[in-house]
Amino acid sequence: MSTLTKSVPPAAQPPVRSAPVQPAWLRVTHWLNVLAVIVMIMSGWRIYNASPIFAFRFPNEITLGGWLGGALQWHFAAMWLLAANGLIYLLSNLTSGRFSRRFFPLTPLGIVRDLFAALRGRLTHDDPRHYNQVQRAAYLFAVLDLILLVASGLAIWKPIQLGWLLVLFGSFQGARLVHFLAMAGLVGFIVIHVAMVALVPRTLRTMITGR
């Protein structure tokens, strides 16, 4: 009598979870940078109002600190957070290899090509792990701009002790001007960045949940 064998289906394998789009260390340092930058910009506007470089002042309603002394306290507190957290962010990107994977290659021709594709609505966002060259250029600008902000801010804060740093900016007033322009550049980046997130809301979700 022949024995009928039944094929036994293989045991169900647990689903394999893919690696997160944004790792936890990146999400934490990103949001801490956001907090530090917002505090520094708003308190910086109040400090600027005390001794403006140009013929205008920022409305008090969008500044932080209430008075010059209070604004300076907020500014210095956020400065240490930004410097320490930004250093962790930068070193983690470099040591993990994420910096080279996400931000390069980068060429002027590639930036122009992706910019025109974006303006025509033909730039896809299928893979959130892949940055187009416009994004790469914008993020690299933000990193370099923040480094310039910290350097010029230190030159303003300690012009005697860090005289060698002040020399790089020409003078105390030159350091103030560079600091202000770097702040304006960062605000411009934030406006563009928020607009890009509004166009592709999924990028906000990945920066919160990682996926």
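Residues numbered from 1 in each chain as written. Predicted model: local features only at pLDDT ≥ 70, side-chain atom pairs only at ≥ 80, totals over all residues. Heavy atoms only, no water.

A. Looking closely at the nonpolar core. One finds Phe103, Met183 and Leu186 to be the most contacted residues of the largest nonpolar core, which totals 29 residues. Mapped onto this core, the elements with two or more residues apiece are α1 (24-50), α2 (68-96), α3 (98-103), α5 (133-157) and α7 (172-199). The element contributing the most residues to this core is α1, with eight residues. Setting aside its immediate chain neighbours within four residues, Phe103 contacts Tyr89, Arg98, Tyr131, Arg136, Tyr139 and Leu140. Membership of the second largest hydrophobic core comes to six residues, among which are Ala151, Ala155, Leu166 and Phe169. (Core = buried A, V, L, I, M, F, W, Y, C linked by side-chain atoms within 4.5 Å. Buried < 20%, exposed > 50% of the residue type's maximum accessible area, 1.4 Å probe, protein only. Helix = DSSP H or I, 4+ residues; strand = E, 2+ residues; numbered from the N terminus. Contact = heavy atoms within 4.5 Å.)

B. Representation of the packing of aromatic side chains in the model. With the rule as written, the count across this model stands at twelve aromatic pairs. Their ring planes at 70° and their centres at 5.4 Å tell us that Tyr48 and Phe58 sit as a pair that is edge-to-face. Separated by ten residues along the polypeptide, Tyr48 in helix α1 and Phe58 in the loop between α1 and α2 bring together distant segments of the chain. Tyr48 sits in the buried class, given a relative accessible area of 5%. Among the residues examined, Phe58 registers a relative accessible area of 15% and is labelled buried. With a centroid separation of 6.2 Å and 0° between ring planes, the pair formed by Phe54 and Phe56 is classed as stacked. Take Phe54: its relative accessible area is 35%, and that puts it in the partly exposed class. Residue classification places Phe56 among the partly exposed positions, given a relative accessible area of 36%. Grouped by ring-pair contacts, the aromatic residues Trp45, Tyr48, Phe54, Phe56, Phe58 and Phe180 constitute a single cluster. Between Lys158 and the ring centre of Trp157, over which it is positioned, the NZ or CZ distance is 4.8 Å. (Phe/Tyr/Trp six-rings, centres within 6.5 Å; stacked < 30°, edge-to-face > 60°. Lys NZ or Arg CZ within 6 Å of the ring centre and 35° of its normal.)

C. Expanded view of the environment of Phe76. Topologically, Phe76 is positioned in helix α2. For Phe76, a relative accessible area of 26% gives the class partly exposed. Along the sequence, Phe76 and Met40 sit 36 residues apart, while their C-alpha atoms lie 8.1 Å from each other.

D. Summary view of the confidence of the model for the protein chain. Overall, the prediction assigns the protein chain a mean pLDDT of 83, with 86% of residues at 70 or greater. Least confident of the elements in the protein chain is α3, whose mean pLDDT is 78; most confident is α1, at 92. Low pLDDT, under 50, characterises residues 1-5; the predicted model gives this stretch zero contacts beyond four residues in sequence or across chains. (pLDDT = per-residue confidence, 0-100.)

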